[in-house]
Amino acid sequence: MKGQVIVENLKKIYLSKQRTGLFQSRTTEVEALKGVSLEIKAGEIFGLLGPNGAGKTTLIKCLTTLLLPTSGAAWINGYKLTEEDNAIRASVGCMLMGERGLYWKLTGRENLDFFGALYHLPAGERRRRSSEIIQRLHLEEIADRAVESYSSGQKMKLAFAKALINDAPILILDEPTNTLDVPSARELREIVQTLNQEGKTIIYTTHIMLEAEILCERVAIIDRGEVIAQGAVVDLKQSLGREKVIRLEGVISESALRAVEQLPGINRAALAMLNGHNQLTVVTAEESNLLPRLIETLTQHQALLQRITPEEVTLEDVFIAHTGRTLADNTSLQ
Amino acid sequence: MREFVYHPPTFRQKLDAALAETRLRLINISRYPGQLVMEIIIPLVFASMPMLLGRATAGADAAANFEANTGTTNYVAYMLIGANIFTIVTSAFWHVAYWLRFEQETGTLESIYLTPTSSVTLLSGVALHSAIRGVGSALIAYFIGCLIYRVNPLQGDVLIALLFILVGLIPLYSLTLLFGAVVLKVKESNALINLMQWVVSFLMGIFFPIAILPKVVQLIALAFPPTWMINGVRSALLGVGFFFGEWYLDLAVLWTFLLITPYVGMWVFRRVENNLRRNEGMGQF
Ligand SMILES: Nc1ncnc2c1ncn2[C@@H]1O[C@H](COP(=O)(O)OP(=O)(O)OP(=O)(O)O)[C@@H](O)[C@H]1O
Ligand SMILES: [Mg+2]
């Protein structure tokens, strides 16, 4: 089926040389993927989340035909991996290795045009699509300059643009916000969301947990070559069986507390005095859209809110629960 | 969103992709114009060395001695042809090896392997660019050389000479596929190119007729298509004698190479490619 990706028990073993001296080495096996199975649905943003060295890039390289898997099978857009590789290549747009995949001596536009030709687009369509993408990513000012003169963020954006040139139903992005600054990363995520709304299936690799939470409906968490958890972000969090806690601080009256207790979806609510102001702790099993209703109810009851600290279960907690380790040193959102 | 249906590329689309590669190479080189000048000067310097050496050692008898061994007195044109065909041959090897190696190191090789265009299609684009550059600068260098040394560049059967060059290009670039496969495999190009240049210049007899080589080496040389190319051009222009007596017989041998070598080259190249994919991939260097 178009837009769908099925991966069954995919394994990849690298043979790598361990250097033992200047001219001596010993061959060892690195099992980068230990039987990965995934199902990515057409039209979703699917997150591949995992710490450094988890095997994310290896998985993507297998799915984009750059590497032959050691065993296992996969279907991308309905085409079988290793048997219909050219159809897979044509039907996937991929951003891998960022700026390294570009010709630095050419301009941005020349790069897009060249790759368009390799995707067999006719010259007219190539030109039209290049301009369209350049506009969409706001690259007009730099599009006709040699890529070597770009900043690393601009190169990254062009690498993203290159992934769009064949207008493929599936877009695979390997840590696309690497080296982008905060606003650029946000802009790129917004574009990814728009592309998804236009119907593209998106596989989004990241080691930044919050990025996956913001963007993805479903994720697979990969660690040391294995999928340790897979499913909807909401379900994964709930699978931990923890209730969600929201803490609100400010001037909050007893009547406001009673109104909050009446709201559907509230398990418990308690009011305490803290450093001269009130702290309201709300425990709920329900996700998301509770917070706006909570704030609305409180302000209707003349509460003055100074601080809201939702203590949500995060994907990081899911990772910790499965592995006993934290996801990465820096999982904060750019 | 449009529905995606995959159609295998038509010949036209493959040609388009190959030409895009040619264009890319030409744009790239146009951004280093100094190199093009060097490509014309080098064969001239290269041809001058044996010529001057010949004059120094054989003195006034140089032409007569040379004729006894080669069948022509025109050692100037002989050397110029040798050096310039050598330029065509080595630049073919050089351009293909450099293309693969450079793209592997910069990272663009993986980018092109993400696309449905096959490496052989791209290689033909690289080959076209390389042939334009190699043959172009060889012709220019030949004419300049003839002007400097005051010999007639257009003697003998010019068309037959051109035919030998054109027909020889296909087996030549098929050999570069083999060479490219080795480069990918051992992940090295500079030392390989150096070694290859000496072997090639020796085998194809850039400054001497291969008849003076030992029999075994002659046989190896005859299995190397550029040897037929260089001898064909010299025979057509200077009358040094075709290997089989007639130009069309020699050309037929080149045609045979043309029909066989591309398949051998592609087969070996694809095997190396798949080998790399089975392990660490094309991108690692
Ligand atoms: N060519 C190779 N030879 C041997 N081992 C390799 C090779 N390439 C990758 N590996 C190993 O495979 C494992 C997975 O690597 P991979 O690049 O897929 O991780 P990743 O999840 O993309 O990490 P990151 O977040 O750092 O990009 C790592 O342990 C890595 O060292
Ligand atoms: Mg990676």
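Residues numbered from 1 in each chain as written. Chains lettered and ligands numbered in written order. Predicted model: local features only at pLDDT ≥ 70, side-chain atom pairs only at ≥ 80, totals over all residues. Heavy atoms only, no water.

Draft legend 1. Summary view of the packing of aromatic side chains. Residue and element names in this part refer to chain A. Applying the stated criterion across every chain, the model contains 16 aromatic pairs over all chains. Ring geometry for Tyr103 against Phe115: centres 5.9 Å apart, planes inclined by 35 degrees, an arrangement best described as tilted. Placement of Tyr103 in the loop between β6 (92-95) and α3 (108-118) and of Phe115 in helix α3 is noted, with a sequence separation of 12 residues between them. Joined through ring pairs, the aromatic side chains of Tyr103, Phe114 and Phe115 make up one cluster. (Phe/Tyr/Trp six-rings, centres within 6.5 Å; stacked < 30°, edge-to-face > 60°. Helix = DSSP H or I, 4+ residues; strand = E, 2+ residues; numbered from the N terminus.)

Draft legend 2. Highlighting the packing of helix α1 (residues 11-30) of chain B against helix α6 (residues 119-148) of chain B. Residue and element names in this part refer to chain B. Where α1 meets α6, the axes come as close as 7 Å, and the angle between the chain directions of the two elements is 45 degrees. Relative to α6, the element α1 is oriented oblique. The handedness of the crossing between α1 and α6 comes out as right-handed. Contact residues: Lys14, Ala17, Ala18, Leu19, Glu21, Thr22, Arg25, Leu26 and Ile29 in α1; Thr121, Leu122, Ser124, Gly125, Val126, Leu128, His129 and Arg133 in α6. Along the lines of polarity and charge, the residues of the contact of α1 with α6 split into eight nonpolar, five polar and four charged. (Axes fitted to C-alpha atoms, helices over the stretch in contact; angles between N-to-C directions. Parallel < 35°, antiparallel > 145°, perpendicular 65-115°, else oblique. Left-handed = near helix turned anticlockwise from the far one by under 90°. Contact = heavy atoms within 4.5 Å. Nonpolar A, V, L, I, M, F, W, Y, C, P; charged D, E, K, R; others polar.)

Draft legend 3. Fine view of the sheet that holds strand β5 (residues 79-80) of chain A. Residue and element names in this part refer to chain A. Pairing within the open sheet is antiparallel, and its four strands lie in the order β2-β1-β4-β5. Edge positions in the open sheet fall to β2 (25-40) and β5, since each of these has one partner strand only. Relative to β5, strand β4 (residues 71-76) runs antiparallel, the two sharing two bridges. Residue Ile76 lies in a different strand from β5, and its bridge partner there is Tyr79. The strands touched by helix α1 (residues 56-63) are β1 (5-19), β2 and β4; relative to β1, the strand with the most contacts, the crossing angle is about 115 degrees. (Pairing = 2+ DSSP bridges.)

Draft legend 4. Examining the domain arrangement of chain A more closely. Domain boundaries in chain A define domain 1 (5-237) and domain 2 (242-312). Look at where the C-alpha atoms of domain 1 of chain A and domain 2 of chain A centre, and you get two points 41 Å apart. (Domains from an automatic or database assignment.)

Draft legend 5. Region of interest: the pattern of salt bridges. All chains considered together, the criterion is met by 24 salt bridges over all chains. Of the charged contacts, one joins A:Glu198 and A:Arg136 as a salt bridge, the two residues approaching to 2.6 Å between their closest N and O atoms. With A:Glu198 in the loop between α6 (182-197) and β8 (201-206) and A:Arg136 in helix α4 (residues 123-136), the pair connects residues that are 62 residues apart, well separated along the chain. On the accessibility criterion, A:Glu198 (38% relative accessible area) is partly exposed. B:Arg133 is paired through a salt bridge with B:Glu39; the nearest N and O atoms lie 2.4 Å apart. Here B:Arg133 is found in helix α6, whereas its partner B:Glu39 is found in helix α2 (residues 33-58), with 94 residues between them in sequence. On the basis of relative accessible area, B:Arg133 is assigned to the buried category, the value being 11%. (Salt bridge = Lys/Arg side-chain N within 4 Å of Asp/Glu carboxyl O. Buried < 20%, exposed > 50% of the residue type's maximum accessible area, 1.4 Å probe, protein only.)

Draft legend 6. Highlighting the side chain of A:Thr206. Residues and elements named next belong to chain A. Mapping Thr206 onto the fold places it in strand β8. A distance of 2.8 Å separates a polar side-chain atom of Thr206 from the backbone nitrogen of Ile208. The contact partners of Thr206, leaving out residues within four places of it in the chain, are Leu48, Leu49, Gly50, Lys56, Glu175, Glu211 and Ala212. (Polar contact = N/O pair within 3.5 Å; in protein donor to acceptor, adjacent residues only side chain to side chain.)

Draft legend 7. Broad picture of the site of ligand 1. What surrounds ligand 1 is a group of 15 residues, the closest being A:Gly53, A:Gly55, A:Lys56, A:Thr57 and A:Thr58. Mapping the residues adjacent to ligand 1 onto the chains of the assembly identifies chains A and B. Note that an oxygen atom of ligand 1 is positioned 2.9 Å from one of the side-chain N or O atoms of A:Asn52. Elements with a contribution of two residues or more to the shell around ligand 1: β1, β2 and α1 of chain A. The element best represented in the shell around ligand 1 is α1(A), accounting for three residues. The residue inventory of the shell around ligand 1, partitioned by class, reads five nonpolar, seven polar and three charged. (Near = heavy atom within 4 Å.)

Draft legend 8. Molecular detail of the pairing of β8(A). Residue and element names in this part refer to chain A. A large share of β8 lies buried, amounting to six of its six residues. Neither face of β8 is exposed, since Thr201, Ile203 and Thr205 on one face and Ile202, Tyr204 and Thr206 on the opposite face are all buried. Where strand β3 (residues 45-49) meets β8, five bridges bridge the pair, whose relative direction is parallel. Along β8, the bridge assignment pairs Gly47 with Tyr204. Note on the crossover from strand β7 (residues 170-174) through α6 to β8: the handedness is right-handed. (Right-handed = clockwise from strand over helix to strand, strands pointing away.)

Draft legend 9. Focus on the interface of chain A and chain B. With 45 residues of chain A at the contact, the number on the chain B side is 41 residues. Counting the surface lost from both chain A and chain B, the interface buries some 3,900 Å², and carbon and sulfur atoms represent 56% of this. Taken together, the connections running from chain A to chain B amount to five salt bridges. The residue A:Arg126 makes a salt bridge to B:Asp16 at a minimum N-O spacing of 3.4 Å. Taken together, the links from chain A to chain B amount to 20 residue pairs in polar contact (both at pLDDT 80 or more). Among the secondary structure elements, those contributing two or more residues to the side of chain A that touches chain B are β1, α2 (85-90) and α3 of chain A. It is α3(A) that provides the largest number of residues to the side of chain A that touches chain B, a total of six residues. Among the residues making up the side of chain A that touches chain B, the classes are represented as 22 nonpolar, nine polar and 14 charged. (Buried area = accessible area lost by both parts, 1.4 Å probe.)

Draft legend 10. Examining a nonpolar patch on the surface more closely. All names here are of chain B. Nonpolar side chains collect at one region of the surface, where Phe11, Leu15, Leu19, Leu26, Leu128 and Ile132 lie side by side and expose about 540 Å² of accessible area between them. Breaking the nonpolar patch down by element, the ones donating at least two residues are α1 and α6. With four residues, the single largest contributor to the nonpolar patch is α1. Structurally, Phe11 can be placed in helix α1. Phe11 sits in the exposed class, given a relative accessible area of 68%. (Patch = residues over 30% accessible without salt bridge, like charges linked within 9 Å, V, L, I, M, F, W, Y side chains within 5 Å. Areas by Shrake-Rupley, 256 points an atom, 1.4 Å probe, with all protein chains shown as cover.)

Draft legend 11. A look at the nonpolar core. Of all hydrophobic cores here, the largest spans 174 residues; its most connected members are A:Phe160 and B:Ile112. Counting residues per element, this core draws most heavily on helix α4 (residues 75-106) of chain B, which supplies 18 residues. Beyond its immediate stretch of four places on either side in the chain, A:Phe160 contacts A:Met95, A:Leu137, A:Leu173, A:Leu188, A:Ile191, A:Val192 and A:Leu195. (Core = buried A, V, L, I, M, F, W, Y, C linked by side-chain atoms within 4.5 Å.)

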